[in-house]
Amino acid sequence: MAKLRATPASALQDILHDGMTLAVGGFGLSGIPADLIDAVRDSGVRDLTVVSNNMGVDGKGLGVLIEAGQVRKVVASYVGENRLFAEQYLSGRLEVEFTPQGTLAERLRAGGAGIPAFYTRTGVGAVVAEGKPHEEFDGKLYVRERGIVADVALVHAHTADTDGNLSYRYTARNFNPVVATAGAVTIVEAEVIVEPGVLDPNHVVTPGVYVQRLVQASNRVKDIEQRTVRPRREAVSA
Amino acid sequence: MAWTREQMAAIAAEELNDGDYVNLGIGIPTLVANNLPEGVRVVLQSENGLLGMGPFPFEGEEDADLINAGKQTVTVLPGGSIFDSATSFGMIRGGHVKVAILGAMQVAGNGDLANWTIPGKMVKGMGGAMDLVAGTPRVVVLTEHVAKDGTPKIVTECTLPLTGQGVVDRIISDLAVFDLYKDDGGNQGDGGDHHPRLVLTRLAPGVTMEEIREKTQASFDIRLEKEGVAA
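Residues numbered from 1 in each chain as written. Chains lettered and ligands numbered in written order. Predicted model: local features only at pLDDT ≥ 70, side-chain atom pairs only at ≥ 80, totals over all residues. Heavy atoms only, no water.

K.L.:
Any chance you could explain the pairing of strand β5 (residues 99-102) of chain B here in plain terms?
P.N.:
One face of the sheet, then the other: side chains in a regular strand alternate in exactly this way. Residues and elements named next belong to chain B. Burial of β5 is two-sided: the residues V99 and I101 facing one way and the residues A100 and L102 facing the other way are all buried. Judged from the three bridges that link them, strand β1 (residues 21-24) and β5 form a sheet pairing that is parallel. Paired with N23 across the strands is A100, a residue of β5. (Buried < 20%, exposed > 50% of the residue type's maximum accessible area, 1.4 Å probe, protein only. Helix = DSSP H or I, 4+ residues; strand = E, 2+ residues; numbered from the N terminus. Pairing = 2+ DSSP bridges.)

So this is what it looks like as structure tokens:
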């Protein structure tokens, strides 16, 4: 199985084109496929629709694609940490489809599972439900939301085997497993890449069937948006 | 005298039972975790994919891969679990997380909540708030009674875009507690009143009815349970 590629750039080779839709894993700056995002920037591809919970911060994560003017439309739940985003949005250069976080996750899950649409209570009576079909079930009103299938899905995993089986680390998992299912082509960067048989099949979160290409993630220092700590108790008491 | 943020959090914590699964929003709600009644241990859900969220890590032990929904570094307690975002909101939408405690910009007397955007001013997004209020069986709002400019936040009708319709069960402000009595007809066979009623159930010490009436736009009934002080 020739899933493993030498570099992020070669992992993206021949599949990027202007106007395409990318689904990208991560929550804030946690668990983002930073190397693949940088490679998308370097490719110069434009007019992207990016489906991701957040859009990074200025100069980091998906923020680099906003900065480079490569994004035309964003489907996201929260973009509050990105000033450049607000600027481009308010000036009309960037279109945004705010989608409630759970609805976004379910749209990706549904898309990946061959479900074109589903009903949810989330957003009923709010602006996000306007113009969408509604239906009553058991006396309650629900809104219909569409599944999402992206041209390319970008994922960050902790450990991958060369067959594309993936496991994640703590809350860096977040959207990555659902994003992995929702790409026509799914490309994964992993911090650790091992031979088949090393990952315990009981601990595989994303089975390799979803993964087409794989690349070693660089050994960068991961960003923390809000470093919150508590003081250590005094070690010695008199 | 108005309640402090800690006191508001402690009032919110009073209704929590040992073993409850709870989601706490950003701001005053996060203080609820530190104000639980004696012997009550709740399991905190963070919608980015964590159950059993613990306190902030000790200095030097923070981990970029372990954050809460406010993107703060946190810890996971023994018995905790990690899951993906679809699973996380499945448990929220499915009503498995019992209580959501969150902030508000406006709450209406009918239980409508607005807490995600100010048109033309704030473009951040709703994050998981719409899912939480739609899916969680009990929604408690912790908020200052009036906005910074003094305008009431408990209103007849929300003028800001809604987060959810008729979703709020209790409002805890720095001045008072209101409960929303939702008579949804259902199997009670009364065939009548489907409108939720806003009921003032508690006043902060020294706060007068006059002050509450002045600072509350929504109309409300009065059924004081504790600390009631006549106007």
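K.L.:
Sorry, what's going on with helix α5 (residues 101-112) of chain A here?
P.N.:
Each α-helix turn comprises 3.6 residues. Residues three or four places apart therefore point the same way. Residue and element names in this part refer to chain A. Here α5 is twelve residues long and its end C-alpha atoms lie 17 Å apart, about the 16 Å a rise of 1.5 Å per residue gives. The element α5 is extensively covered by neighbouring structure, given that ten of its twelve residues are classed as buried. Residues of α5 that are buried include every one of Q101, G102, T103, L104, A105, E106, R107, L108, A110 and G111, and no others. Phi turns positive, to about 75°, at G114, one or two residues after α5. (Expected span 1.5 Å × (residues − 1).)

K.L.:
I would appreciate a short explanation of the pairing of strand β2 (residues 43-46) of chain B in the present structure.
P.N.:
Residues of β2 of chain B alternate between two faces, with V43 and Q45 of chain B on one and L44 and S46 of chain B on the opposite face, all of them buried. From the end of β2 of chain B to the start of strand β3 (residues 50-54) of chain B, which pair antiparallel, there are three residues, and G49 of chain B there has a positive phi angle of about 120°.

K.L.:
Looking at this structure, I do not really get the nonpolar core. What am I missing?
P.N.:
Side chains of nonpolar character tend, in soluble globular proteins, to be buried together. Among the nonpolar cores identified, the biggest contains 58 residues, and V32, I101, L113, I171, F178 and I212 of chain B are the most heavily contacted of them. Top contributing element to this core by residue count: helix α1 (residues 5-14) of chain B, with five residues. Not counting residues within four places of it along the chain, the set of residues in contact with I101 of chain B comprises A12, V22, N23, L24, G25, P29, V32, V140 and L142 of chain B. Of all hydrophobic cores here, the second largest spans 36 residues; its members include A39, V40, V79 and V152 of chain A. (Core = buried A, V, L, I, M, F, W, Y, C linked by side-chain atoms within 4.5 Å. Contact = heavy atoms within 4.5 Å.)

K.L.:
Is there a simple way to explain the pattern of salt bridges in this structure?
P.N.:
Two side chains of opposite charge can pair, provided their charged atoms sit close to one another. With the rule as written, the count across this model stands at 24 salt bridges over all chains. Here D63 of chain B ties to R169 of chain A by a salt bridge, and the two come within 2.6 Å at their closest N and O atoms. With D63 of chain B in the loop between β3 and β4 (75-82) and R169 of chain A in the loop between β9 (166-167) and α6 (176-181), this residue pair bridges two chains. By relative accessible area, which is 17% here, D63 of chain B ends up buried. For R169 of chain A, a relative accessible area of 27% translates into the label partly exposed. (Salt bridge = Lys/Arg side-chain N within 4 Å of Asp/Glu carboxyl O.)

K.L.:
Looking at this structure, how should I read the packing of aromatic side chains?
P.N.:
Each pair of aromatic rings is reported with the distance of its centres and the angle of its planes. Counted by the stated rule, this structure contains five aromatic pairs over all chains. Here the aromatic rings of F85 of chain A and Y89 of chain A are separated by 6.3 Å at their centres, their planes lie at 25°, and the arrangement is stacked. Taken together, the residues span about one helical turn, with F85 of chain A and Y89 of chain A both in helix α4 (residues 83-90) at a distance of four residues. Given a relative accessible area of 28%, Y89 of chain A falls into the partly exposed group. Where F98 of chain A meets W116 of chain B, the ring centres are 6.1 Å apart and the plane angle is 75°; that geometry is what we call edge-to-face. Separated into two different chains, F98 of chain A in strand β4 (residues 95-98) and W116 of chain B in the loop between β7 (113-114) and α3 (129-135) make up a pair that spans both. The same class applies to F98 of chain A and to W116 of chain B, which are both buried. Taking the ring centre of F58 of chain B as reference, the NZ or CZ of R230 of chain A above it sits at 4.0 Å. Over the aromatic face of F27 of chain A sits the side chain of K71 of chain B, whose NZ or CZ is 5.0 Å from the ring centroid. (Phe/Tyr/Trp six-rings, centres within 6.5 Å; stacked < 30°, edge-to-face > 60°. Lys NZ or Arg CZ within 6 Å of the ring centre and 35° of its normal.)

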